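Fold and geometry: a report
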Amino acid sequence: MHSEPPCSKLNCFFCTMNEPEPSVRRAKLSHCFKEMPLRDDQEHVLVLSGLWNISMAQPDDPEFPALGIFECMAKLIHRGITDQNWLLRGQNIYIPYYAAHVIGSYTMDNPQFAEKAVKSGVVLPLMELLRGKMSWVEQRVAVRALGHLASHEKTFEAVVVHEVEIISLAMEIVSNCLEVVYKEFVGIKARKRPKYHCDLLTRGVGELELQSRKAEEWASQLQCWSLYLLNCFASKERGLTLICNTEFLNNLCGMWGGLVNLTSPAGIGLLRTLCSSKTGRKNVANSRQVMESLCNVSRSSDDWQNMAIDCLLLLLKDPETRYGVIDIAASSLVDLVELRSLGESKMVGETISQTLLQDYYKIKFGFLKLKNQEAEKALEELWELRVENIKRDKLMSEQDMKERQVLVGKLKKQGNQKFWTGKIEKACKIYSKALELCPLNFRKERIVLYSNRAQCYLLLKNPAAAISDTTRALCLSGTVSPHSKSLWRRSQAYDMKGLAKESLMDCLMFINSRIKSEHTKRVRIPYYAARMINKQMSATWLFANAKSKLCIKKEKTVDEYESKGEYQLQEMMDAKNMGFPDMPTILEDPKAEKRWKKR
């Protein structure tokens, strides 16, 4: 056997990693971290890629942080930003990306590492990447790292030094990043895409389809991590006057979390944080668009439904915002008062009822008049449902209950007959009469009556009333086994109102409930549901708005999207073809991926 020839390179990182003596190994590694930013070595990118893998796999290992890895990463980022010739030499273009990623991975959940990173001077280089000195790819890992630093109590102060600029940049990224990624990568021909972006996205082994899919994922992460960074400031009531920009608030409800970013607050999560402060509540309540969006999400199958309800309840509990919010949200919240539990939250409907009715006597006895008569009518209906009807049912004998049940059954049949003969309005009135007579504890009968009346409203082109009735039916059926027909009918109603996201979530839940049902295990997904999903998936595609804007602005140049002082990376990459060594595909956040699969 022939032994491998000894490595001829001084301070070789890979040879150092194989050093058997721990003390010698640590000394050599410390020296490597000091020398790396000062030397030109074509293996730097391989070293950085290896360090990133280690930081992702062993984020709590104190060895590298103790030996100066943060100072090394900070200097490498700084050199990439200030030395253009070095950046374009060999494969150095990849180094700032990996350096920022290493910082973010070590500081994610470890406050001690975050303190070391701050003392090592990582904030200023990360700020340069956040300003867009390279591209959106580097912005993504920079905002991730800054978000982790801002999340720890002791390192927040180092980030808050740049409060105004960070908040302004994060808001700009949140608002424009999807358009930028589509404009500069997804929406252009494959041959024009920056090769180093393609290599980073797919680790050098991906085809065009994988590139586009990963770009969509990364764009979502860029937006989500920017929202997370803003949430760190908002939770400490810093920069609220900047964040509470009316146009920015109006856009937040439409910002989803990410499929891989399970810890992202999403747009509604940031609104929930803002509603915890007086300044935030005032600004959120003053935006009718935000209020209507919260109402829509609160009556949907969205993962953030609970968060939207929390926002509305916080606004209702504040005397300064209460009555303005009641005027807008009362009709929507009344539909939720029979919701028993939602996720970990219990007695949700009871909490909503108590909050809405806490001073109803002022309205009932004429001391207070609401601006919106529909809201006043909704509160009156709630009072009758939660107070008067409960008293009525308690006084009813068992015999009366049985008679009432028979009567309700007859009315339901009459309504069905009118419906099938095309007399929709008469059927609707009969269902309404049956609901008035039906005791509250006859939940199954009320579910069917609400759902049937909702179908009438759909045919009468009244989607708002259909959403109200289907929501009530779904609250009665519960979140564990929701009434599938009501899910489908609410999906249709939201589609009629042009609310694609809410329609999509209900349609997905409808299909899920059919798959889980014992009676429909072998039934295929209905064609009409598949068609609805295709329609709403297209409407809610991450880059749908960006693509639309690009079509409108197609005559404008790429220069609109370039920041002052930014490297012309596209031109540089066109002038110089840079490759990336073949590497296996590696998940960037294996923990999040595992959580998502489990979910």
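As the structure is a prediction and not an experimental result, all values here were calculated from the model.

Regarding the overall build of the chain
When helices and strands are counted, the chain shows 34 helices and two strands. Counting over 599 residues, the chain shows a buried share of 52%. Within the chain, contacts between residues separated by at least 24 positions form 71% of all contacts whose residues are at least 6 apart in sequence. Accessible area of the chain: about 29,600 Å², with a carbon and sulfur share of 52%.

Remarks on unusual backbone geometry
Even without a glycine there, the phi angle at Glu237 is positive, about 55°. Within the fold, Glu237 resides in the loop between α14 (208–235) and α15 (240–243). For Glu237, a relative accessible area of 52% puts it in the exposed group. You will see that Lys461, though not glycine, has its phi angle at about 60°, which is positive.

Digging into the environment of Gly349
Turning to its location among the elements, Gly349 is positioned in helix α22 (residues 348–357). Here Gly349 falls in the buried class, since its relative accessible area comes to 0%. Taking the C-alpha atoms as reference, Gly349 lies 8.7 Å from Cys475; in sequence the two are 126 residues apart. If sequence neighbours within four positions are ignored, Gly349 has contacts with Leu336, Val337, Glu338 and Leu339.

Comments concerning the side chain of Lys501
Counting through the fold element by element, Lys501 comes out in helix α30 (residues 500–516). When neighbours within four sequence positions are excluded, Lys501 is seen to be in contact with Cys253, Trp256, Asp302 and Thr540.

A few points about the confidence of the model for the chain
Looking at the chain, the pLDDT average stands at 87 and 88% of residues meet or exceed 70. In the model, residues 557–599 has pLDDT below 50 throughout and makes 89 contacts with residues more than four positions away in sequence or in other chains.

Regarding a negative patch on the surface
On the surface, a cluster of negative charge is contributed by Glu380, Glu384, Glu388 and Glu436. Counting residues per element, the negative patch draws most heavily on helix α24 (residues 373–395), at three residues. The topology assignment puts Glu380 in helix α24.

Some remarks on the pattern of salt bridges
All told, the structure shown has 30 salt bridges when counted by the stated rule. One salt bridge connects Arg25 with Glu63, and the closest N-O pair in it is separated by 2.4 Å. Of this pair, Arg25 sits in helix α2 (residues 22–35) while Glu63 is found in helix α4 (residues 63–66), placing the two residues 38 residues apart along the sequence. A residue is classified by how much of its surface remains accessible, and Arg25, at 15% relative accessible area, is buried. Between Glu71 and Lys75 there is a salt bridge, and its shortest N-O distance comes to 3.3 Å.

Some words on helix α8 (residues 111–119)
Buried within α8 we find Phe113, Ala114 and Ala117. Buried residues along α8 cover an arc of 105° about the axis, so they all sit on one side. Turned more than 90 degrees away from the buried face of α8 sit Gln112 and Lys119, all of them exposed. Trailing α8 by a residue or two, Gly121 shows a phi angle of about 85°, which is positive.

Topic: the state of the cysteines
Counting across every chain of the model gives zero disulfides. There is no disulfide at Cys177, and the cysteine sulfur nearest it, in Cys224, is 8.7 Å away. Of all cysteine sulfurs in the structure, the one in Cys311 sits closest to Cys275, which takes part in no disulfide; the separation is 4.3 Å.

Side note on the nonpolar core
Among the nonpolar cores identified, the biggest contains 141 residues, and Met73, Leu126, Leu271, Leu274 and Leu294 are the most heavily contacted of them. With 14 residues, helix α12 (residues 163–186) is the single largest residue contributor to this core. Discounting residues that sit within four places of it in the chain, Met73 has contacts with Leu48, Leu51, Ala99, Val102 and Ile103. Core analysis: the next-biggest nonpolar cluster, separate from the first, contains 28 residues, Leu411, Leu435, Leu458 and Ala465 among them.

Considerations on the packing of helix α25 (residues 398–420) against helix α26 (residues 424–437)
Two packed helices can be described by the angle between their axes and the distance between those axes. Where α25 meets α26, the axes come as close as 8 Å, and the angle between the chain directions of the two elements is 170°. As far as their axial angle goes, α26 and α25 are roughly antiparallel. Judged by the twist between their axes, the crossing of α25 over α26 is left-handed. The segment α25 lies against α26, with Arg404, Leu407, Val408, Leu411, Lys412, Gln414, Gly415, Asn416, Lys418 and Phe419 engaging Ile424, Lys426, Ala427, Ile430, Tyr431, Lys433, Ala434 and Leu437. By residue class, the composition of the contact of α25 with α26 is 10 nonpolar, three polar and five charged.

Describing the packing of helix α19 (residues 288–298) against helix α21 (residues 322–334)
Where α19 contacts α21, the axes come no closer than 9 Å and their chain directions differ by 20°. Taken as axis vectors, α19 and α21 run roughly parallel relative to one another. Relative to α21, the crossing made by α19 is right-handed. Contacts from Arg288, Met291, Glu292 and Cys295 of α19 reach α21 at Val325, Ile328, Ala329 and Ser332. Of the residues assigned to the contact of α19 with α21, the class counts are five nonpolar, one polar and two charged.

What counts and what doesn't
- Residues numbered from 1 in each chain as written.
- Predicted model: local features only at pLDDT ≥ 70, side-chain atom pairs only at ≥ 80, totals over all residues.
- Heavy atoms only, no water.
- Helix = DSSP H or I, 4+ residues; strand = E, 2+ residues; numbered from the N terminus.
- Buried < 20%, exposed > 50% of the residue type's maximum accessible area, 1.4 Å probe, protein only.
- Contact = heavy atoms within 4.5 Å.
- Areas by Shrake-Rupley, 256 points an atom, 1.4 Å probe, with all protein chains shown as cover.
- pLDDT = per-residue confidence, 0-100.
- Patch = residues over 30% accessible without salt bridge, like charges linked within 9 Å, V, L, I, M, F, W, Y side chains within 5 Å.
- Salt bridge = Lys/Arg side-chain N within 4 Å of Asp/Glu carboxyl O.
- Lys, Arg positive; Asp, Glu negative; His and termini not counted.
- Charge placed at Lys NZ, Arg CZ, Asp CG, Glu CD.
- Arc of directions from axis to C-beta.
- Disulfide = S-S within 2.5 Å.
- Core = buried A, V, L, I, M, F, W, Y, C linked by side-chain atoms within 4.5 Å.
- Axes fitted to C-alpha atoms, helices over the stretch in contact; angles between N-to-C directions.
- Parallel < 35°, antiparallel > 145°, perpendicular 65-115°, else oblique.
- Left-handed = near helix turned anticlockwise from the far one by under 90°.
- Nonpolar A, V, L, I, M, F, W, Y, C, P; charged D, E, K, R; others polar.

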